[in-house]
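Each chain, letter by letter, is given below.
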Amino acid sequence: MKLNIHPSWKNPLSNEFEKPYFQELIDFVKQEYSQNTCFPESDAIFEAFNRATFDKVKVVILGQDPYHGPRQAHGLCFSVYEDAKIPPSLKNIYKEIASDLQKPVPSTGNLAHWADQGVLMLNAVLTVRAREAGSHTKKGWEKFTDRVIELISEEKEHVVFLLWGGPAKKKGAKIDSSKHLVLTSGHPSPLSAIRGHWFGNKHFSQTNEYLSHHNKQPIDW
């Protein structure tokens, strides 16, 4: 497995790649992919970084771990392949966008066009074994993605962080809210969306208002 990550991230993260925990993580991932069916495909593990290069990042959406069914995970949190059924969480994301921005609900669940506009769609854990949710947690990915968030917080200004659900909110401790916008709500999954005040959070319009205020191009959601 090659470290297929865009050059714009390699220099900022070079020290992280050399740390023992990351070497152990990569060894674990290589073994898992050689012995089991895992998602996303190995060449898409770092797709979030390849779509949203370091210089372009202006929004960060945090997920948990990848979808664990076939034709779902392709390296961007909440996003699925064009031919995949739209997952329940993404349906609720679309409902909120429709309500917030009066936009029609898309027919597919592929969110690559968000990533291409500078939305880093980052799962806390970047890989998973097929049909075994959470199977690659506590192997080192969380430490790596913590560092990614710290790096963005330290090196950039006026980034919007969208933290949905408890695990994502915990990562908010790594963000300097004095120079970034941090928006939190419940997770968009069906059960959490009702209990955790997902609907009506207006995160998408708030994001675009903040970006416009800081002379950045709003996201075409």
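Residues numbered from 1 in each chain as written. Predicted model: local features only at pLDDT ≥ 70, side-chain atom pairs only at ≥ 80, totals over all residues. Heavy atoms only, no water.

Q: Quick question: what am I supposed to make of the sheet that holds strand E6 (residues 181-185) here?
A: Pairing within the open sheet is parallel, and its 4 strands lie in the order E3-E2-E5-E6. Each edge of the open sheet carries a strand with a single partner, namely strand E3 (119-123) and E6. The mean inter-strand angle of the sheet, taken between neighbouring strand axes irrespective of direction, is 15°. (Pairing = 2+ DSSP bridges. Helix = DSSP H or I, 4+ residues; strand = E, 2+ residues; numbered from the N terminus. Axes fitted to C-alpha atoms, helices over the stretch in contact; angles between N-to-C directions.)

Q: Can you walk me through the environment of Leu76 in this structure?
A: Relative to the helices and strands, Leu76 resides in the loop between strand E2 (59-63) and helix H5 (88-101). On the basis of relative accessibility, which here comes to 3%, the residue Leu76 falls in the buried class. Sequence separation between Leu76 and Arg51 is 25 residues, and the spatial gap between their C-alpha atoms is 9.0 Å. (Buried < 20%, exposed > 50% of the residue type's maximum accessible area, 1.4 Å probe, protein only.)

Q: How do you make sense of the state of the cysteines when you look at a structure like this?
A: Note: disulfide means a covalent bond formed between the sulfur atoms of two cysteine side chains. Tallying each qualifying case throughout the model produces 0 disulfides. For Cys38, which is in no disulfide, the shortest distance to another cysteine sulfur is to Cys77 and amounts to 19 Å. Judged by its relative accessible area of 6%, Cys38 is buried. A relative accessible area of 1% places Cys77 in the buried class. (Disulfide = S-S within 2.5 Å.)

Q: Would you mind showing me how to read the packing of aromatic side chains here?
A: The relation between two aromatic rings is expressed through the spacing of the ring centres and the mutual angle of the planes. Applying the stated rule across the entire model yields 18 aromatic pairs. Measuring from ring centre to ring centre gives 5.6 Å for Phe78 and Trp164, while their planes differ by 55°; the resulting arrangement is tilted. Of this pair, Phe78 sits in the loop between E2 and H5 while Trp164 sits in strand E5 (residues 160-164); the two residues are 86 residues apart in sequence, bridging distant segments of the chain. For Phe78, a relative accessible area of 10% translates into the label buried. With a relative accessible area of 1%, Trp164 lands in the buried category. Ring geometry for Trp141 against Phe144: centres 6.1 Å apart, planes inclined by 65°, an arrangement best described as edge-to-face. Note that Trp141 and Phe144 are positioned in helix H7 (residues 141-155) at a spacing of 3 residues, about one turn of the helix. Summarising the burial analysis for this pair, Trp141 and Phe144 share the class buried. Here a set of aromatic residues connected by ring pairs shows up, and it is made of Trp9, Phe17, Tyr21, Phe22, Phe46, Phe49, Phe54, Trp141 and Phe144. If you follow Arg71 out to its NZ or CZ, it ends over the ring of Tyr81, 4.0 Å from the centre. The ring centre of Phe54 lies 5.1 Å from the NZ or CZ of Lys156, which sits over that ring. (Phe/Tyr/Trp six-rings, centres within 6.5 Å; stacked < 30°, edge-to-face > 60°. Lys NZ or Arg CZ within 6 Å of the ring centre and 35° of its normal.)

Q: Help me understand the nonpolar core, please; the structure alone is not making it clear to me.
A: Across soluble globular proteins, nonpolar side chains show a tendency to be buried alongside one another. Within the largest apolar cluster, 70 residues are counted, with the highest numbers of intra-cluster contacts made by Trp9, Phe49, Leu120 and Phe144. Residues within four places of Phe49 in sequence aside, it is in contact with Ile5, His6, Trp9, Leu120, Leu122, Leu126, Phe144 and Val148. (Core = buried A, V, L, I, M, F, W, Y, C linked by side-chain atoms within 4.5 Å. Contact = heavy atoms within 4.5 Å.)

Q: Help me understand the pairing of E5, please; the structure alone is not making it clear to me.
A: Along any regular strand the residues' side chains alternate between the sheet's two faces. For E5, a buried count of 5 out of 5 residues is recorded, marking the element as mostly surrounded by other parts of the structure. Here E5 shows a buried face lined by Val160, Leu162 and Trp164 and a second buried face lined by Phe161 and Leu163. Where E2 meets E5, 4 bridges bridge the pair, whose relative direction is parallel. Within E5, the position partnered with Val60 by the bridge is Phe161. Judged from the 5 bridges that link them, E5 and E6 form a sheet pairing that is parallel. For Trp164, the partnering residue across the bridge sits in E6 and is Ser185. Regarding topology, helix H8 (residues 166-171) serves as the crossover connection from E5 to the parallel E6, and that connection is right-handed. (Right-handed = clockwise from strand over helix to strand, strands pointing away.)

Q: In this structure, what is going on with the pattern of salt bridges? I would like to understand it.
A: Two side chains bearing opposite charge may form a pair once their charged atoms approach each other closely. Following the criterion strictly, the structure yields 11 salt bridges and no others. One salt-bridge network, held together by shared partners, links Arg147, Glu150, Glu154 and Lys174. (Salt bridge = Lys/Arg side-chain N within 4 Å of Asp/Glu carboxyl O.)

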